[in-house]
Amino acid sequence: MLHLVRPRRFLSKMLLISLLLISSLAFSQADRIISGLVTDESGGPLPGATVVVTGTSLGITTNIDGEYSLKVPDNAESLTFSFVGMKMQEIPIGDKSEINVVLEVETIGLEEVVAIGYGVQKKSSVTGAISQVKSEDMENRTITNPLQAIAGKTAGTQVYSGSAAPGSSPTIRIRGINSNNSISPLYVVDGRIASSIAGIEPNDIESMEILKDAASAAIYGAQAGNGVILITTKKGKMGIGSISYDYQFTSQSIGRTPKVMNSEQFIDYWTEAGKFNMDRVYQYWDFQQNTDWVNEIFESSIMQRHNISFQGGNEKGSYYLSGSMLDNDGMVVGDADVYKRYTGMINTNYHIKPWLEVGTNNQIEYYERRAVSEGSEYGSLILSTLQLDPMTAVTYTEENMPDNMATVLARYRATGVGELLNDGKGNYYSVSPFLTSENLNPLIMRDNSYSTSSGFNINGTAYVNFKPIKGLVATSRLSYLLGASESYGYGQDYYANSMSYQNYMSLNASSYNNTRIQWENFVTYNRSFEQHNLTAMVGTSFTKIRSFGVSGSKTGTDDDFGIQRDDPRYYYFAYATSEAIKDVSGGEPTQRAQNAYFGRLGYNFSEKYLAEFVMRADAFDSAFLPLSNRWGYFPGGSLGWVISKESFLQNSSSVVNFLKLRASWGQNGSLAGLGSYAYLTSITSTGSYPFSSQPVYSIGYKPSTTGNEELKWETNQQTNIGLDAWFLNSRLTLTFDYFNKKTKDLIVTGITPSTIVGNTASPINAGNIQNTGLELELGWKDMKGNFKYDVRGNISTIKNKVTNIHESLDYIAGTGFHTTSGITRFEVGKPAWYFYGYEFQGIDAATGDPVFVDQNSDEIINDDDKVDLGKGIPDITYGITLSAAYKGFDVIVFGQGSKGNDIYSCLNRTDYAVNSLTYYTEDRWKADNPNGIRPRAGANDLDKYYTSSAVIFDGSYFKIKQIQLGYMLPASLLDKVSLNKLRLYVSLEDYFTFTRYKGFDPEVTGVGSSLGVDKGSYPTSKKIIFGVNVSF
Amino acid sequence: MKRITFIYLAAIAMIFSMLSCDDELDIEQKGAISLEEYYGSDESAEGAVTAIYGELRGMMYNYKFLKNICSDDIWAGGADRGDNNDLEKMNEFTFSAEHAFLSGCFQSYYRIIYNANIVMKYIEPDTDVKKQMIAEAKVFRAFAYIDLISMWGTPPLVDHPLDPSEYQMANGDPAALWALVETDLTQAIASGSLMEKSGVNDNSVYRVTKQFARTLLGKAYLYQGKNSESAAAFESVINSNLYALYEGEYDDIFAFTNKNNCESMFEVNRVVDANNVWDNFDFWHLMIHFRTDRFTTKPVTALGLADLGWGFCLPQKDLYNAFVAEEGENGYRLNRTLKTYEQIQEMGASIDAGKTIIAEGYFFWKTRITKDAVPAAGSNFTWDHNINLMRYADVLLMAAEANLLAGNQSKADTYLNMVRARARLGNKTASMEAIKTERRLELCFEDVRYQDLIRWGDAESFLSDQGNEYPVMASNGTISYRPTGNSTGKYGFQDRNYLFPFPSTEIQLNKSIVQNPGW
């Protein structure tokens, strides 16, 4: 037996069994021991380097001091030494018993490959714009969704969050907002097209490639217009089998808390406004109560994660098995915001014959989620923590409750109507005697209804690779998804205030399932003739999707609320009385299908002059486009010139190691606005007419819309020019890109095309949008003895402009705020969804009223005076990651930021006496403060003020996302417990934010047509993390 | 080894050849059927035509104002200057291409045309019902185009539902447009599928009839100067003996209790329905009824009239004078058409002391709204009045005109004098002058005057000064004239007014259309 797998008591039984199984598979008897030291060029030891008996799976990794000791069979001929970023070396054993090796730094990237869709390509030969996120950017972070790993780690992507609640997904836009329709990039996981990647555990991802330019994305044709994210999951590493276990304990708490008025300020303000009567204050306030709602409602909470993986492989095959468990209880008190997820991954491949390889990658996910209301001016739990009055306590007991609550309680006891909710321990959630609005006690909002969603997804691919002749690989790949989701919820009878109550009980539940089959066949041929290198690939793809679901609700208005008994054990459809009102929907299967042909032709001369052409023909089923326009053709082409291979640069090769200039052009499509028979028309009723003197009417029917058989894809056309360079022995790397992306034929709905048409038009292609930008990724990597460090930074600019929309539309209105519609707009000449409102000029020193700029000088301030106030799209996004290691210690600092984006802060309401940020109330105009810069309490035109530039903040921010300090226990210690690696770390995440924004979190505001509009989104928590990584 | 390789290649080729899955892409939409399939039944054909009737009913507010407000019969009216800009601007010819009546009517006409085109495209004439519906659709398309051509000159010719590539359509050629009108009406009449009344007193027909189609055809010919054809078309309506001048009291022709009487060629129908009063809401009648809030101490209800109205569109003195010239102050038809303020006062209603209205001392009586037209459930607002789109008197006078111009003097005399006789006036020899006067008096405020002035070439002489001043009537009946404030040369009928402008929305949306000259 190898010492490596000697059982130890501390290992759990399960691990032991797994180990034994693996060891019995992977290891055979050994005869002699070879030991030695692996170092880098400067003589520093290389811990974690892999030493394998060449051609077998026998191997080991070096310990913290770079040492190894390996039993090898008698017939072993050589050892192979490898380490990430170093050149692999094969050393003949001969009769040596000690082999010391110096590994050389590999010229970065030269041999590295990136996924490009239906194949991989050497990084040095890539002629498109492809960014990569590697596993090291995801490991040991608290991110639960792979998209979160992209933010700040690559140039050319913008990650927007509408919520940071447990289990929420961010929105990602690659190279800007490309449509008036909201559409995400295409996700491809190991070749399988996925509608969502939220269920993939980031720790199981080997790399993510982002195909940013149109030529690269063109291989995915009609779905690639918003960019493509390729995810490659982990495979078993060649060589030794290993088991890794990672545990992470996170304590999370509210980060920035906006400052709102305290009781005294609140009373001052609203009495000054004349909306508050001191009599009421005397009656209900004890002159002490001063509730800090934010601190009462948010608590510090815990997230825990376990990940375990088993992996190994040899030249015949490999396996990677993993399982993970995530339990995230959000910051809201209690367990109303929870995300639990269990995932598993099974990846394996095997070469059955020299010409035949089979393999499969599978992901399994089960999740449960509960969330609280947020991001709305009405009934939002998060926003109510800012708006509630501080004089009311969170709870009262029956003994000390104010009169207004006592009255309600008495009425409930007498009539059974209007229940005051309580925590079950006699503490009643307060009803404010001072404030009645849609935003109420957050605990009532939390408890007056219960809703949960859960589901599972089993998906993956299975493939066969034929290699009948040299250079030719034919792949047949079947991808599948079996998924189901369900929701369940109920709403209780409750009383929160005279506006917010429910005197009945409601139940709802739904169940959906969907299946997806994708079958792809493609042939790749690689051939080199002297200096001519040729790659050709052609293939077909066929996808079939089916989904089915039903949902229902029951509402009871009678005495027993439609439920046999008012008790959660009865809150199911089966126990509702027959009088309850029922509603059922769904029950209709939806089917979708897609067919595609694609090909790629690459040629290079001596890896110096590079050219590549891509073409995809896509057809979607009749729900998308009519038969005549069904097929879309999406070409792309790119050229590259590796200047560093030219003789005139050979002399300076120690300074400039690699220099490549590249340019690409391509077209992609987008499914935006399609998929629901938008081009077809149906019949709608249109008024009635009596054809007699009697009140009997005939109903008129006409086509609902004109229909549009000419509807076609939105098309993105993009030009990209880029540069890749590696300097100073590849310690300095640089990638630069410029792009110009135009989306034309945006699909616009609800327009009147021309009055002579005589009906409302079906969606038509009637708009263009343009994004241009610069992207720069810089890296510096070096080591001095035991000290290694690495700095990577990226910065991107984006300039977004709507260049055309249909004549009939002056603009498309986006989100509204309370009674003001269209505070964001989609309009020609402006960035998508820019902010629209009054321009605040200042405070009238005489009256304290806000004054606005009279843009058209008509002496009236009305809608005609509204102007462009800013935008949610940042001009610049950037990120920087520093990592360093010295002996057993390592440190990572990662920061990310944006600049040039604005936030439209919708945290105020003018129709009720709600609490407000002190930003708006301090230094307000008063008779004795005529130079105050905020409006007087109760000023006129506050509704205009709160939709003016006065509520637009600079949303630029810089956040230190991660500061991690790790310590790897020394080998001497680990050897004694048979461990390969034991690393402990502590980390601070999202701990420091630098911004001028006065609300919760500048990183989390509205998305889509309300990009940058903050209506009280669930903020990112600040986190303290303790973690451990073990492998053996 | 080579052979094995070929086997593999063959296997791969097979996999690829299996991928001809285009059939899989045809997935039928659920909860929807194609128009071709939907329009297979009689009921769907009826529904499609009902949509046209519905559109017609919906456009009446814009239609009635557009057709009347530019004439010399009426003032904009209302309580005070500025009460209704839309009416004042059109009455005074200071309107622009953005005017709501213009764009509203224009859109409605094209919606009618669209709905008619749908019927003609998708419905096969394989049952009697479908044949009738197709014929009715043709009548409505012609109806819309007669108005579009006569008021806009060169409206785009849309004879089928347009594809997006056709959305930007150029002006139509008047000859082709008239040809479409003639063909539609001729085919509808020839189909034998349109309804006909069973007798002169049959008031049960609520749909367009063969005779209505013929009068439209006659009108289309008349407007084109095809006088013999026009005369023949009217002749056939008259000879059907299915229509007659109403022989009861003249002012009962439009009465709420007298819907679909023998003189009605076609009425836009409304019904008394206590449960759905708002479905029958009629804003037009509310607008033109007496300005009741200025009659509070001696209310118009004393005259048996509805107790709410906003007092727009009051007669011009010029109209009254034309009546007096023909009939004398006590003319039967005059007294049943208009009332002077003195007459109103004598009947028991008067404007509150100190109040004024925009009026010249006259009130329409034939279009008055009686109390019985206001359903109890409608809280004064909802009147179930029908709107008469054409009367037999109009048919007779157009017949007289066509015959006169075609050289059939005796027939022209006969038809003119039928109308005069009912108005208790003596016979006259038909002349254009006589016919013009008769049409003005008989059909005042009935949608024809403005278009008559234009087609006769008289508009400039009658209307060039309209818009200079407006009358204000005090409670004692004194009239003062006040300047409208319109700038010199910018009001009154001008050359460009021979055609209405295409609505600005259409100009903006349709790059191919050319605006009418002067607009």
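The structure under discussion appears in the preceding block.
Quick look at the structure, then. Owing to the predicted nature of the structure, the values given are computational and were not obtained by experimental measurement. (Residues numbered from 1 in each chain as written. Chains lettered and ligands numbered in written order. Predicted model: local features only at pLDDT ≥ 70, side-chain atom pairs only at ≥ 80, totals over all residues. Heavy atoms only, no water.)

## With respect to the overall build of chain B
Convention followed: Counting from the N terminus, the helices are the DSSP runs of H or I reaching at least four residues and the strands are the DSSP runs of E reaching at least two. Residue exposure (1.4 Å probe, protein chains only): buried if accessible area is under 20% of the type maximum, exposed if over 50%, otherwise partly exposed. Only the protein chains shown count as cover for residues, and all accessible areas are computed by the Shrake-Rupley method using a 1.4 Å probe. Under the counting rule used here, the positive set is Lys and Arg, the negative set is Asp and Glu, and His together with the chain ends is not counted. Charged groups are reduced to one reference atom each: NZ for lysine, CZ for arginine, CG for aspartic acid, CD for glutamic acid.
Each helix and strand in chain B was counted, giving 20 helices and 9 strands. On the principal axes, the C-alpha backbone points of chain B span a range of 120 × 50 × 50 Å. Every one of the 519 residues in chain B was classed for burial, and the buried ones make up 60%. A total accessible area of about 19100 Å² is found for chain B, and carbon and sulfur atoms account for 50% of it. Mean positive and mean negative side-chain charge positions of chain B (48 and 70 charges, respectively) differ by 2 Å.

## Overview of the interface of chain B and chain A
Which entries qualify depends on this criterion: Contacts were defined at the residue level, with two residues in contact if any of their heavy atoms lie within 4.5 Å. Once two parts are put together, the accessible area they lose, assessed with a 1.4 Å probe and summed over both, is termed the buried area. What makes a salt bridge here is a side-chain nitrogen of Lys or Arg within 4 Å of a carboxyl oxygen of Asp or Glu, nothing more. Polar contacts, as used here, are pairs of N or O atoms within 3.5 Å; protein pairs need one atom able to donate a hydrogen and one able to accept it. Residues neighboring in sequence count only if both atoms are side-chain atoms. Think of it as three bins: nonpolar holds Ala, Val, Leu, Ile, Met, Phe, Trp, Tyr, Cys and Pro, charged holds Asp, Glu, Lys and Arg, and polar takes everything else, Gly as well.
Taken together, the contact between chain B and chain A spans 61 residues of the former and 71 residues of the latter. Counting the surface lost from both chain B and chain A, the interface buries some 5500 Å², and carbon and sulfur atoms represent 64% of this. A:R630 is the partner of B:D26 in a salt bridge, and the nearest nitrogen-oxygen pair spans 2.8 Å. Where chain B meets chain A, there are 20 residue pairs in polar contact (both at pLDDT 80 or more). Sorting the residues of the side of chain B that touches chain A by element identifies helix 1 (2-17), helix 2 (35-38), helix 3 (42-58), helix 6 (100-122), strand 2 (264-268) and helix 20 (504-509) of chain B as the ones contributing at least two each. In terms of residue class, the side of chain B that touches chain A is made up of 33 nonpolar, 15 polar and 13 charged.

## Quick word on the pattern of salt bridges
Under the counting rule described, the total for this entry stands at 85 salt bridges over all chains. As a salt-bridge pair, A:D863 and A:K866 come within 3.5 Å of each other at their nearest N and O atoms. A:K866 gets classed as buried once you look at its relative accessible area, which sits at 12%. Of the charged contacts in the structure, one is a salt bridge between B:D458 and B:K436, with a shortest N-O distance of 2.9 Å.

## Considering the nonpolar core
Note the following rule: Think of a nonpolar core as a cluster: buried Ala, Val, Leu, Ile, Met, Phe, Trp, Tyr and Cys residues, connected wherever their side-chain atoms sit within 4.5 Å.
Counting 153 residues, the largest nonpolar core has B:L56, B:Y109, B:Y145, B:W152 and B:F500 as its most contacted members. By residue number, the principal contributor to this core is helix 7 (residues 128-152) of chain B, which donates 15 residues. With near-sequence residues (within four places) excluded, B:Y109 lies in contact with B:M59, B:Y63, B:K67, B:F143, B:A144, B:D147, B:L148, B:M151 and B:W152. Ranked by size, the runner-up nonpolar core spans 55 residues in total, among them A:L443, A:I903, A:A950 and A:V951.

## Brief notes about the sheet that holds strand 3 (residues 59-61) of chain A
Residue and element names in this part refer to chain A. Let me state the cut-off plainly: We treat two strands as partners when DSSP finds at least two bridges between them. Inter-axis angles, ranging from 0 to 180 degrees, are taken between N-to-C directions of lines fitted to C-alpha atoms, where helices are fitted over the stretch in contact.
The 4 strands lie next to each other as 3-2-5-6, forming an open sheet whose pairing is antiparallel. Only two strands of the sheet have a single partner each, and these edge strands are strand 3 and strand 6 (89-92). Across the sheet, the axes of successive neighbouring strands diverge by a mean angle of 20°, strand direction being ignored. Note: strand 2 (residues 50-53) against strand 5 (residues 78-82), 4 bridges, orientation antiparallel. Among the inter-strand pairings, T50 is bridged to a residue of strand 5, identified as S82.

## Considering the environment of B:S461
All names here are of chain B. With respect to the helices and strands, S461 occurs in helix 19 (residues 459-463). With 32 residues separating them in the primary sequence, S461 and F493 have C-alpha atoms 8.7 Å apart. A distance of 2.9 Å separates the side chain of S461 from the backbone oxygen of D458, its partner in a polar contact.

## Considering the pairing of strand 46 (residues 834-837) of chain A
Consecutive residues of a regular strand have side chains that alternate between opposite faces of the sheet. All names here are of chain A. Here strand 46 shows no split at all, with Y834 and Y836 on one side and F835 and G837 on the other all buried. Both strand 45 (residues 824-826) and strand 46 contribute to a ladder of 2 bridges, which runs antiparallel. Bridge pairing in strand 46 links T824 to F835. For strand 46 and strand 49 (residues 867-870), the ladder comprises 3 bridges, and the chain directions are antiparallel. From the neighbouring strand, F835 faces strand 49, where its bridge partner is G870.

## Overview of helix 10 (residues 227-239) of chain B
All names here are of chain B. Threshold: Here, expected helix span is obtained from the residue count minus one, scaled by 1.5 Å.
For helix 10, which comprises 13 residues, the first-to-last C-alpha distance of 18 Å matches the rise-based estimate of 18 Å (1.5 Å per residue) to within 8%. Those residues of helix 10 not exposed but buried are N227, S230, A231, A233, F234, E235, V237 and I238. For helix 10, the secondary structure elements touched by its buried residues are helix 9 (210-224), strand 2, helix 15 (392-406) and helix 16 (409-422). Looking one or two residues beyond helix 10, the residue adopting positive phi is N241, at roughly 55°.

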